[in-house]
Each structure stands twice: as C-alpha cells, then as structure tokens.
Amino acid sequence: MSRLVVASNRVPNPRGSQPQAGGLAVALSGALRRNGGLWFGWNGQLSQTAVSRPRMDQAEGIDYATLPLSKDDYDDFYLGYSNAVIWPVFHFNLGAMSYERRYSEAYARVNDLFADALAPLVEPDDVIWVHDYHLMPMARELRERGVRQRIGFFLHIPFPDYDVLRAMPGHRRLLEDLCRYDLLGFQTENDRHAFEESASRAVGALVETSGVVRHRNRRLRTGVYPVGVDVDELADLSRRTLTAPRVRRLLDGLGERDLVVGVDRLDYSKGLEQRLRAVEALLQDYPHRRGHTVMMQIASPSRSSISEYADLRQRLEGLAGHINGSYGDLDWAPIHYLNRTFARGSLMGLYRAARVGLVTPLRDGMNLVAKEFVTSQDPDNPGVLVLSELAGAAAELEDAILVNPYDVDAIAAAINAALAMPLPERRRRHQRMMNRLRENAIDVWEKRFLDDLHWHIA
Ligand code: ADP
Ligand code: F6P
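In this text, all values refer to a predicted model and were calculated from it rather than measured experimentally.

A look at the packing of helix α2 (residues 71–90) against helix α3 (residues 101–118)
Helices that pack against each other are described as a pair by the angle of their axes relative to one another and the distance between those axes. It is at 8 Å that the axes of α2 and α3 come closest, and there the two elements cross at 110 degrees. Classified by the angle their axes make, α2 and α3 are roughly perpendicular. Between α2 and α3 the crossing geometry is left-handed. From α2, D72, D73, D75, D76, F77, G80, Y81, S82, V85 and I86 reach across to α3, where they touch R102, Y103, S104, A106, Y107, R109, V110 and N111. Each residue belonging to the contact of α2 with α3 can be placed in one class, and the counts come to eight nonpolar, four polar and six charged.

A word on the nonpolar core
Judged by nonpolar contacts, the single largest core of 159 residues is most densely connected at F90, F114, F159 and L387. Counting only domains with at least three residues in this core, you end up with domain 1 (4–228 + 442–454) and domain 2 (231–438). In this structure F90 touches M136, L155, I157, P158, F159, P160, L165 and M168, once residues within four positions along its chain are discounted.

Quick look at the site of ligand 2
Contacts to ligand 2 come from R10, G22, L24, Y78, W87, D132, Y133, H156, I157, R265 and R303. In this structure, an oxygen atom belonging to ligand 2 sits 2.2 Å away from a side-chain N or O atom of D132. In the environment of ligand 2, an oxygen atom lies 3.5 Å from a nitrogen or oxygen atom belonging to the side chain of Y133. Here ligand 2 has 380 Å² of accessible area as a free molecule, and 91% of this is covered by the chains. Residues that form the shell around ligand 2 fall into these classes: five nonpolar, two polar and four charged.

Some points on the domain arrangement of the chain
Once the domains are mapped, the chain shows domain 1 (4–228 + 442–454) and domain 2 (231–438). The distance between the C-alpha centroids of domain 1 and domain 2 comes to 30 Å. Taken together, the contacts link 26 residues of domain 1 with 24 residues of domain 2. Summed over both sides, the interface between domain 1 and domain 2 buries roughly 1,900 Å², with carbon and sulfur atoms accounting for 62% of that surface. Where domain 1 touches domain 2, the interface holds zero salt bridges.

Quick word on helix α13 (residues 368–376)
For α13, a buried count of nine out of nine residues is recorded, marking the element as mostly surrounded by other parts of the structure. When α13 is considered as a whole, its buried residues turn out to be L368, V369, A370, K371, E372, F373, V374, T375 and S376. Near the N-terminus of α13, the side chain that reaches the backbone nitrogen of V369, with its oxygen 3.0 Å away, is that of N367.

Re the environment of G37
For G37, the location among the structural elements is in strand β2 (residues 37–47). A relative accessible area of 11% means that G37 is categorised as buried. On a C-alpha basis, the gap between G37 and D126 in space is 9.4 Å, while along the polypeptide they are 89 residues apart. The residues touching G37, leaving out its near neighbours within four places in the chain, are R3, L4, L32, G61, I62 and D63.

Here's the deal with the sheet that holds strand β6 (residues 151–154)
Reading across the sheet, the 10 strands line up as β3-β4-β2-β1-β5-β6-β7-β10-β9-β8 and stay open at both edges, with mixed pairing between neighbours. Both edges of this open sheet fall to β3 (55–59) and β8 (206–209), since each of them pairs with a single strand only. For this sheet, the mean inter-axis angle between neighbouring strands, taken without regard to orientation, is 25 degrees. By the bridge criterion, five bridges tie strand β1 (residues 4–10) to β2 in an arrangement that is parallel. Paired with S8 across the strands is G41, a residue of β2.

Focus on the packing of helix α10 (residues 272–285) against helix α14 (residues 408–420)
Contact pair α10 / α14: the axes reach a minimum separation of 8 Å and the direction vectors enclose 65 degrees. The way α10 lies across α14 gives a crossing that is right-handed. Listed contacts from α14 to Q274, R277, A278, A281, L282 and D285 of α10 are V408, D409, I411, A412, I415 and N416. Among the residues forming the contact of α10 with α14, the class breakdown is seven nonpolar, two polar and three charged.

What about the sheet that holds strand β14 (residues 356–359)?
Taking strand neighbours across the sheet as the criterion, the six strands line up as β13-β12-β11-β14-β15-β16 in an open arrangement whose pairing is parallel. The open sheet has two free edges, formed respectively by β13 (335–338) and β16 (401–403), since each of these has just one partner strand. Looking at each pair of strands side by side, their axes are set apart by 20 degrees on average, direction ignored. The sheet strands contacting α13 are β11 (258–265), β14 and β15 (384–388), and the helix crosses β15 at an angle near 170 degrees.

Description of the pairing of strand β12 (residues 293–300)
β12 sits mainly inside the fold: eight of its eight residues count as buried. Because side chains alternate across β12, one face comprises the buried residues T293, M295, Q297 and A299, and the other comprises V294, M296, I298 and S300, equally buried. Looking at chain direction, β11 and β12 are connected through eight bridges and run parallel. When the sheet's bridge partners are listed, D264 is paired in β12 with A299. Considered for its hand, the β-α-β crossover made up of β11, α10 and β12 is right-handed. One ladder, built from four bridges, connects β12 with β13; its direction is parallel. Counted as the bridge partner of I298 is L338 from β13.

Some points on the site of ligand 1
The local shell around ligand 1 holds 20 residues, among which G22, G23, R265, K270 and E372 are the closest. Within the contact set of ligand 1, a nitrogen atom lies 3.5 Å away from a side-chain nitrogen or oxygen of S300. Separating a nitrogen atom of ligand 1 from a backbone N or O atom of F342 is a distance of 2.8 Å. Counting only elements with at least two residues in the shell around ligand 1, the list comes to α1 (23–35), β11, β12, α12 (344–353) and α13. Both domains that meet at the shell around ligand 1, namely domain 1 (4–228 + 442–454) and domain 2 (231–438), each give it at least three residues.

Cut-off values and rules
Residues numbered from 1 in each chain as written. Chains lettered and ligands numbered in written order. Predicted model: local features only at pLDDT ≥ 70, side-chain atom pairs only at ≥ 80, totals over all residues. Heavy atoms only, no water. Axes fitted to C-alpha atoms, helices over the stretch in contact; angles between N-to-C directions. Helix = DSSP H or I, 4+ residues; strand = E, 2+ residues; numbered from the N terminus. Parallel < 35°, antiparallel > 145°, perpendicular 65-115°, else oblique. Left-handed = near helix turned anticlockwise from the far one by under 90°. Contact = heavy atoms within 4.5 Å. Nonpolar A, V, L, I, M, F, W, Y, C, P; charged D, E, K, R; others polar. Core = buried A, V, L, I, M, F, W, Y, C linked by side-chain atoms within 4.5 Å. Buried < 20%, exposed > 50% of the residue type's maximum accessible area, 1.4 Å probe, protein only. Domains from an automatic or database assignment. Near = heavy atom within 4 Å. Polar contact = N/O pair within 3.5 Å; in protein donor to acceptor, adjacent residues only side chain to side chain. Areas by Shrake-Rupley, 256 points an atom, 1.4 Å probe, with all protein chains shown as cover. Buried area = accessible area lost by both parts, 1.4 Å probe. Salt bridge = Lys/Arg side-chain N within 4 Å of Asp/Glu carboxyl O. Pairing = 2+ DSSP bridges. Right-handed = clockwise from strand over helix to strand, strands pointing away.

Okay, structure coming up:
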C-alpha cells in the first residue's frame, strides 16, 4: 500500500498540550491517525532566518516533518498573501483584502522553500495530498524538482466567483498552478463550479465533462468531497463529557436557563458581530426570553496581528459588554464571551448541554462546528442547529434552521423558533441530519478523495 504524504501550512504540534482550533488540523489529525503517513508543513514557530531542513518527529503512528517560518515569511506569506489577500477574497470579502507586492513574492518564496524541503522526503510509491490555500503552487514546485508521484489538492475554504477572484493580484498564476494537480477537491459543488468557470475564463481551461478539465496539454480531475466528522467518536465523547466537572459546573450555573452556544475562531468570516446583535434582537423582540436564555460564545483568537482581526476583537468585546450592560441583571448575564481554546471533550459536552447551536458564518468552506454540534446531541432530546445558508455545511444539513447570516432579525426569530421547537420535530430533524453526517463521515471524505486520486487520468 502506498504511503500518504500530507502537506499543509498548519501542522499541529504532536507534543503540544493546547487543543488546535481550525478545521484542517482537526480533520487531518483524525485521518492520519487512522492510516499513518507523513505530515509536512509549518510547525507554528518563528526563526531568525529561513530554515529549509525539516525537523523529523513521530507521534501516534504519524511521522512529522516540520519547519519554522522566518519572521519575514510569517509576516508576508502567512499574514500577508495567505491571510490578507487569498483568505478575504476567497470568502467574498474584497473590502478586507490588503495587497502588497512583497506578499506575492513571499508566497512564491515559501512555496519554493517548502518544495525544496519536501521533495527529498518523497518515496517512489507515495501519494501526495496538499491542503489549502497557502500551498496552491506546490504541485508545480514539486514537478519542477522531478517528483512524478500522484499529487492531489483539497481546498478547505470556498472558491469565489470569477468576478470576485479577478480582483486579486496573482489569480491567473494560482489558477495555472491549480491545473498542475492530478485531482482537485472542493467542499461543495458550488466551489467546484466556481473554479471551473474561473479556470476557463482566466487561463483557457476546457471543461470536457463534469469532473474532467483540460488545461494546455494535460487533463486533471475535479471532485466534491465535503469534509465530515468522526460521528461515533464525537457522539461517544459528548455522552461521556456531559458528566465532566467543567460541564457540570456550567449546567449547575445555568439552572433552568436555556443555553445557546457558538464556537469559532475569532474571524471576520464567522459573522460574530451579526450573531451578537441577533442575541440583542432576541432579547428586545421576544421579552419572555429575558432572564431565561444564556448565549455562550467561544471565540479563540486567530491571526491577531492582522488589523481586521484585532479590530473585530475590540468591537466584539464592546458589543458583548453593551448587551450585558443593557439587559443583564444581578443574577443573569445574557452573553458569556470567552477568548480561549478548550479541549475537544469539553466542547462536545458544551454542545450537548445546549438547546441551540448558533453557526452563522458570512461565508465558510464547510464549518465543522455545525457538524460537531449535531453529532453531539442526545438523540432522544436533541438541541436545534441554526445554520447560515452561506456555509458549505448547509448543502448537507438542510434540516437545520437555515438563515441569512446578515439578517439579524431573522437570526433572532430562528433562535426563538429553535427554543420553541416541539420534541418530535427536533428528533425528526436531528435523525435526518445524522443520516447525512454518517454518509459523509470523515473516513468517507478521505477514502473517496484518495480512491479518486489513485484512479486519476493522465
Ligand atoms: P475553521 O476551519 O474556519 O476554523 P471549522 O468550523 O471548520 O472552522 O473548524 C473549526 C474547528 O476548530 C472545529 O473542529 C472546532 O471544534 C475547533 N475549534 C474552534 N474553536 C475552538 C476552541 N475555542 N477551542 C477548541 N477547538 C476549537
Ligand atoms: O479550514 C480553514 C482554515 O483556514 C485552515 O486552513 C486553517 O488551518 C484554519 O482555518 C485555522 O487557521 P490558521 O491555520 O491560520 O490558524
């Protein structure tokens, strides 16, 4: 059997005690733990100068080869081109894009450096799976170094419409680079379609049939592989952790009050301001909810040296304080707002304790929190998911209450409806969503992608 080599910018520290917030790290940790393989990428640390020899490590059956980033590369590749250019544009937010020429230079430089470090580690029977927007040029870079093995790419974030993409400096080059893979995987049909449209309009690619694209003298496959969760593991974890001391303390503190929960990286794509304003609208428009509802919003800091992220954090703190100040009482604060990461067990227990999961991104590739929330519910008495129709997960979770994440009043009405939903309807919706989540569980995602990559057309 061939060895799986995974390359991603974000690689969790195999010996770290901190839980990793972020869909990619969570999904891949599970996938690699099941099958073993080599995980290559950034170790999350900074170095004085660029380092091109990876540090090798091993844990839980996974081999790790990781590098630090130099301060310049961290600023211009990670914060710059990856997260101040590609991230906002791919999330349809041109207003948040901030471009400098040195960002695209650093993007090229780091991909070149990573390819130098990865190419010597690749063995003849390996299959290479590159993840996410930081490393789009990796197939071309590896091919230029003589790597002939199959190389697939999976995009965890949305793919924007062409009219949005074409505002991004360097988009043609990235499309050309994506066409160098053997297989390109997307979260939803929408994303795949947007890629095909952009590749044909910007770099002359030809969509031969659905899922087969010709570019210059070669063909590549495209496919849709929605990232899933480990349904059995999470259901079990949430059952067990409902009795954990931290979750018990939370439940004791809540008493008879209804818990509404949100868990996200602190990112402007997650719709957090609109979400807090929706809670305010709920208290304003549905006064019987006052004193009886608690919103717990966990927002772990992310990319905090980018000004959009730092500014958002300030605004959210102001908003949470304002709502608590306006509506709170001596024994009740409507919003609990926490900026930290939690162990997975605590999160699953928290989801299970909640009556409503509020997942309202303005755009999201998939959103694993939505899937984790549904999986963690007690099937006999499940909570209700309120989900943005602009999250990739909405394509599968049609039995959530779907909302427009910009429409604060509609979100407030959805929370109210979720809290009032009768048990038979909650169970029916939960059952149907669980069926979908089992069909597309995390092992299915990985297997379908790797099967298609093995089967690729030359
Ligand atoms: P993204 O990849 O954009 O961060 P997802 O919802 O797809 O969004 O994935 C986030 C992942 O990170 C989920 O598995 C979630 O449980 C985890 N996560 C998010 N916030 C926290 C937190 N504060 N503590 C621990 N894990 C978190
Ligand atoms: O899933 C989207 C994603 O961007 C992942 O690629 C990334 O690992 C995660 O969110 C967290 O972001 P970062 O790696 O910048 O901390």
